[in-house]
Amino acid sequence: MSARIELAGLQKLKAVCQRHGLPLEILPPANTVSGPGETYLGQPFDPMLSALYRETNGAMLGDFQTYPLQGDENVLQRINKGMRVLGDEPYVSSLLFGQVPLLAYYLATVPSLADSRGLQPVIFINGYEGDQVLPVASNVDEFFRTFSIYLERAVLEPEFVAERRIGLRFPESILDVVARDRSMVDAMSAGRFNWLIKTEESREWISKVVQAVP
Amino acid sequence: MRVRRGWRALSWVLVAQLLMNGCATVPQGGTGGSGSPVEQRGPTPGSSQWEELEEARRAELESALAGMWGVASEVREVGAVLEFSYWAEGGAFSLLSLRRPEWGRGLGSVLEQESFASGLRESLPPYAEGAAGLLRLVLRREEHRWRADFHLDTGAEFPLEAKTWPIQQVGVRVEVLERLAATGREVASRVWAPEGAQVRWQVEVELEDERVGGLETRPPRSLPGGKSVRAAPETVGTWVNVLAPFTQGMGPRKVRLEWEGEHIAGSGLSRWKIVAAEVVRPPPPAPQNAEVALEYRAMHEQIQRQWREQTREGFQTMGILGAEQVALFVVAGWATRGLAVVVKAATPVIARMLTKGGTYAVGWFRSLFVRASPAEKQAFARLMAKAETQGLEALTIGERNEVRAFLTRLDGLASAKLSSGAKDELRRLAREDFLKIHPDLVKRLKELLKGPVDVHHRIPLDFAHFFPARDINAMDNLVAVEPRVHRLINRVWGEYTQRAGARATATEVEAVEKIVKKHFERWYSNTRDVPASEEMLVRSAQKALAELESLFAGVGR
């Protein structure tokens, strides 16, 4: 299945990085990648992540970096195991696959919320704010597409124009984009993320996204 | 240690585009340095930016030639010597002094401006486009021409009022000339010479950027008696010609001029000639503010450069200035530009921090400024742009009240809990600063980890309001750790936040920071123990959480 998955969002994200001279670094693909649905750290591996790692074993995509899956050390595994050592959520039920460079802003898939095709939704975890969870995309490629729109907006901001510094907030600044992700909004409305939601900000986020549906 | 943001990295093409659209972005405070040779302040010869400034360099050369001619055209005495001193840098000429050490005698032929300028036009540029320095240009009047000698002293100390970038504007703007003429008329009405005698008067005029301020005239210590004769009307033109080139410098300063007046035989008027003119600089900043003053000067020069090159209509709507520039403006301007007088009483925290001055105060103010709303920040930046280009005195009463109200509100924010937006902005600034200060450490850690590194605030942003006088983004509050370590540290803080709730105190926060430090410091910006062993991570987290529990037990919670 993963061989047939085309990551159009990822291609768009790369193109946006190239157009605006943002960091773009693509490592060669991983040799051994878990197949879709295969167990990885005790949970099914997302088919789109599988496709991603068949394309690149770690990448810098503007203001987002993915964790390498292989090498001298398996960073993806090391980070996820390390995050779970105290056995608390959202880390035990998700798989962190990347982050905003140098910040405790992590992106993770949630295996238990996979759709009928096995595609897992993506959540944003704010490690500074009590591991606050904000659902951002119905699948990994949709996240890449959403993030490419975020970058296109960020480069128009004064911070970027003057200092080439990304100052725009993620995901708050692309709430309207998340609201157009129909599957995501349906999952939010159905309360499928409720068990991961612990903070008032997370509840507000979901409520605003649902209300912003065009 | 504070980050110094180099404006060289910025795109002036983008700035120019913004200006065309009615707003401007000004680059971050730049690099500086006292004395010379100094680190490069302007574009490097041969770079594309240097090429783009060719027109500006040409304009500088023509301005300098016109300024010299303004003085030299009135000197026909053969053997007369005029000595001009410029700071020459990046193709820009800043007049520092002029003298007439030899008066000459007998009149030479009348010369045309072009015959004066053509030779100099060829020989001057190499002195201005190489190493920066003090350029002495000695002009000796001969019968049919002026002979020029040059000397460049690259070891001279950099004068703060000098330009380091060329400005694409030939001559002096009309409003500046009008103001000079008005001041010249005032001078002419004050000075006088005794009938049949020669006297020397000293005149001092205040300048700030291009603006002409107060005037002081000092007569000679002893004036011969007799009838006094007033200055001839053409004295005003001579005055304007001498002073005009001095208005093209930067910042506050004075020009001290010595004029010799002589009764014109058979008339009731006196003729006045320039003997010497030199820039008098304000006292240097206090040592703790020396670096800030240089950074501010570099930023101010860039704003002035845009201001002088653009039409006023295009510039009036400018206002997008970053937090770094605003902080430099406020800290540098606190004592020297009268900002303290405007707002001191209403801003106790800001007043205390800014009176201390220094680069820490700049960082502190920046970290405070970003807490304001985007609309407030933009409104303040617009006022700052006006003050930077037209002087603080150009602000209306309403605008001064606006400045006071904003800074008063900001003062309150120093002790208020940070909004999530402000925290996000501070985190993003912290990572940029950390990368700039510790690029090698971050690179090495990434290599060792084969993956990402996080920047951690030792006193978390959630508790910044307990420490209003501390720059929460200062380097002593930031460390690099791998995400797993960061996660566990955040878990300890999360536990404290949850348990303490609204009863959290500064003392407790400091105690928790000590606990965290005790158990996780081995991984703070450290390349030795990475990646951390999972066992050690668990042990550290468990011990820290247990100690936190004891802390709560100690305070009866």
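Position labels on residues start from 1 in each chain and follow its written sequence. Chain A is the first chain written and ligand 1 is the first ligand written, with later ones labelled in order. Totals for whole chains, interfaces and linings use every residue, but because this is a predicted model, local features are given only for residues with pLDDT of at least 70 and side-chain atom pairs only at 80 or more, for both listing and counting.

Caption draft 1: How the structure looks around unusual backbone geometry. With an omega of 5°, the peptide bond running from E89 of chain A to P90 of chain A counts as cis. In this fold, P90 of chain A is placed in the loop between α3 (75-83) and β6 (95-99). Of note, the amide linkage connecting V530 of chain B to P531 of chain B takes the cis form, showing an omega dihedral of -5°. Of note, L41 of chain A is a non-glycine position whose phi angle comes to about 50°, a positive value. Under the DSSP-based scheme used, a helix requires at least four consecutive residues in state H or I and a strand at least two consecutive residues in state E, with every element numbered from the N terminus.

Caption draft 2: Broad picture of the interface of chain B and chain A. With 35 residues of chain B in contact, the opposing surface of chain A contributes 31 residues. Within the residue set of the side of chain B that touches chain A, elements represented by two or more residues are α1 (12-20), α16 (420-437), β11 (454-457), α18 (483-500) and α20 (534-554) of chain B. Following the grouping adopted for this structure description, the nonpolar residues are Ala, Val, Leu, Ile, Met, Phe, Trp, Tyr, Cys and Pro, the charged ones are Asp, Glu, Lys and Arg, and the polar ones are all others, Gly among them. Looking at the side of chain B that touches chain A, its residues break down into 13 nonpolar, 10 polar and 12 charged. Here, residue contact means that the backbone-derived C-beta atoms of the two residues sit within 7 Å.

Caption draft 3: Main features of helix α7 (residues 235-243) of chain B. To sort residues by exposure, count the other C-beta atoms lying within 10 Å of each residue's C-beta; 20 or more gives buried, 12 or fewer gives exposed, and values between give partly exposed, all with C-beta atoms placed from the backbone. Of all nine residues that make up α7 of chain B, eight are buried, and the element is covered over most of its length. Next to the buried residues of α7 of chain B lie α3 (54-72), α6 (174-190), β6 (198-208), β8 (228-231), β9 (252-263) and β10 (269-280) of chain B.

Caption draft 4: Seen up close, the pairing of strand β3 (residues 133-141) of chain B. Residue and element names in this part refer to chain B. One requirement defines pairing of two strands: DSSP has to find at least two bridges between them. Here strand β1 (residues 81-89) pairs with β3 via eight bridges, running antiparallel. Counterpart to V81 in the pairing with β3 is R140. Of the pairings in the sheet, the one linking β3 to strand β4 (residues 146-153) comprises eight bridges and is antiparallel in character. Residue pairing for β4: L134 is matched across the bridge by D153.

Caption draft 5: Highlighting the environment of K81 of chain A. Tracing the backbone shows K81 of chain A in helix α3. Among the residues examined, K81 of chain A registers 15 C-beta atoms within 10 Å and is labelled partly exposed. Along the primary structure K81 of chain A and K208 of chain A are separated by 127 residues, whereas in three dimensions their C-alpha atoms are 33 Å apart. Those residues in contact with K81 of chain A that lie beyond four places of it in its chain are L41 of chain A together with E534 of chain B.

Caption draft 6: Spotlight on the environment of L354 of chain B. Residues and elements named next belong to chain B. Looking at where L354 falls in the secondary structure, it is placed in helix α12 (residues 348-356). Owing to 26 C-beta atoms within 10 Å, L354 belongs among the buried residues under this scheme. Separated by 232 residues in the primary sequence, L354 and E122 have C-alpha atoms spaced 49 Å apart. What L354 contacts, discounting residues up to four positions off in sequence, is V330, V331, W334 and A361.

Caption draft 7: Here's a closer look at the pairing of strand β8 (residues 122-126) of chain A. All names here are of chain A. Most of β8 is tucked away: five of the five residues are buried. Burial along β8 is two-sided: the residues V122, F124 and N126 and I123 and I125 are all buried. With five bridges connecting them, strand β7 (residues 105-109) and β8 associate as antiparallel partners. Its bridge partner lying in β8, Y106 is registered against I125. In terms of strand pairing, β8 meets strand β9 (residues 132-137) through five bridges, oriented antiparallel. By the bridge assignment, V122 is partnered in β9 with A137.

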